[in-house]
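Coordinates in review
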Amino acid sequence: MTDTIFAPATAPGRSAVAVVRLSGPATGRAVAALAGRLPRPRLATLRTLRGQDGAAIDQALILWFTGPKSYTGEDCAELQLHGGRAVVEAASRALLDLGLRPADPGEFTQRAFQNGRMDLAQAEAVADLIDAETTAQARQALGQLDGRLSETYAGFRRDLLHALALVE
């Protein structure tokens, strides 16, 4: 992946907090441009975000995650903004001005899969967890996300390979 993406991680609409996620090689540059400098990795840091014109966008908590130990396996960040529509739109405009592009639906998880941070069953579990409407559905998706289904498949694979070796 050569481009850097961003997307709201929270549902649209008015709220106390809105989270915007970033991932890709220009994430650090973008965060530093908005916040003045990069915060220490994995430490929530309060910073005033500013657009290219120097105007304040918001006071936000920033979380900076260096790859490959991030959700996507790339450099990532989360901007925890105040949830007003104007704030989220201003932050999005600033990210667009910095050359980032809006992520396609599921693209963060797709990058995590492509970078070996999760297998296909776990990637599908993310979608299942997002769509879960009952506690049972959520519990099943969490089990799949934890790798239980992948472990079951790995056991089947071992058994089949063993059987194939016996036949040979």
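Above this text is the structure in question.
If you're wondering where the values come from, they're calculated on a predicted model, not measured in any experiment. (Residues numbered from 1 in each chain as written. Predicted model: local features only at pLDDT ≥ 70, side-chain atom pairs only at ≥ 80, totals over all residues. Heavy atoms only, no water.)

**As for the sheet that holds strand 4 (residues 56-65)**
Defined as follows: Whether two strands pair depends on DSSP finding at least two bridges between them. Secondary structure is summarised from DSSP: a helix means a run of H or I of at least four residues, a strand means a run of E of at least two, and numbering begins at the N terminus for each.
The mixed open sheet is built from six strands, whose spatial order is 3-4-5-2-1-6. The sheet is open, and its two borders are formed by strand 3 (45-50) and strand 6 (101-102), each paired with just one other strand. Sheet topology note: the strand 3/strand 4 ladder contains six bridges and is antiparallel. Opposite T48, over in strand 4, you have Q59 as the bridge partner.

**Some remarks on helix 1 (residues 27-35)**
The line we're drawing: The buried label goes to any residue with under 20% of its type's maximum accessible area, the exposed label to any with over 50%, and the partly exposed label to all in between, with areas taken from a 1.4 Å probe on protein chains only. To be clear, the arc concerns the directions from the helix axis to the C-beta atoms.
For helix 1, the set of buried residues is T27, G28, A30, V31, L34 and A35. Buried positions in helix 1, seen along its axis, are confined to an arc of 165° and lie on one side of it. Phi for G36, located one or two positions after helix 1, is positive at around 95°.

**Considerations on the pairing of strand 3**
The alternating pattern of strand 3 places T45, R47 and L49 on a buried face, while none of L46, T48 and R50, on the opposite face, is buried. Hairpin connection between strand 3 and strand 4: a loop of five residues separates the two successive antiparallel strands, and G54 in this loop has a positive phi of roughly 90°.

**Examining the packing of aromatic side chains**
Rules: Paired rings are identified among Phe, Tyr and Trp, the last through its six-membered ring, by centres lying within 6.5 Å, and are further divided according to the angle between planes into stacked (under 30 degrees), edge-to-face (over 60) and tilted (the rest). Comment: the charge-over-ring label is applied if NZ (Lys) or CZ (Arg) is within 6 Å of the ring centre and within 35 degrees of the ring normal.
Under the counting rule described, the total for this entry stands at zero aromatic pairs. Taking NZ or CZ as reference, R21 lies 4.9 Å from the ring centre of Y71, over its face. Directly above the ring of F108 sits R21, whose terminal nitrogen or CZ lies 4.7 Å from the centroid.

**Focus on the nonpolar core**
Put simply, the test is: Residues belong to a common nonpolar core when they are buried Ala, Val, Leu, Ile, Met, Phe, Trp, Tyr or Cys residues joined through side-chain atoms within 4.5 Å. When checking whether two residues touch, look at their non-hydrogen atoms; a contact exists if any pair is within 4.5 Å.
Grouped together as the largest cluster of nonpolar side chains are 24 residues, with contacts concentrated most on L22, L34, L49, L79, L81 and L95. In terms of residue count, helix 2 (residues 85-97) provides more of this core than any other element does, six residues in total. Setting aside chain neighbours within four positions, we find L34 in contact with T48, L49, R50, I57, L79, A94, L95 and L98.

**What about the pattern of salt bridges?**
The cut-off we apply is this: Salt bridges are identified by distance alone: a Lys or Arg side-chain nitrogen within 4 Å of an Asp or Glu carboxyl oxygen.
By the definition in use, this model includes seven salt bridges. Note that D3 is salt-bridged to R101, the shortest N-O span being 2.5 Å. Of this pair, D3 sits in the segment before strand 1 (5-8) while R101 is found in strand 6, placing the two residues 98 residues apart along the sequence. A salt bridge links R111 to D3; its shortest N-O distance comes to 2.8 Å. Of the two residues, R111 sits in helix 3 (residues 107-114) while D3 sits in the segment before strand 1, which places them 108 residues apart along the sequence.

**Examining the environment of G155**
Take G155: it is sitting in helix 6 (residues 148-167). For G155, a relative accessible area of 14% puts it in the buried group. Distance in space between the C-alpha atoms of G155 and G24 is 35 Å, their sequence separation being 131 residues.

**Re the environment of D131**
Its location among the elements puts D131 in helix 4 (residues 120-131). Remark: the alpha-carbon pair of D131 and G83, spanning 48 residues in sequence, is separated by 23 Å.

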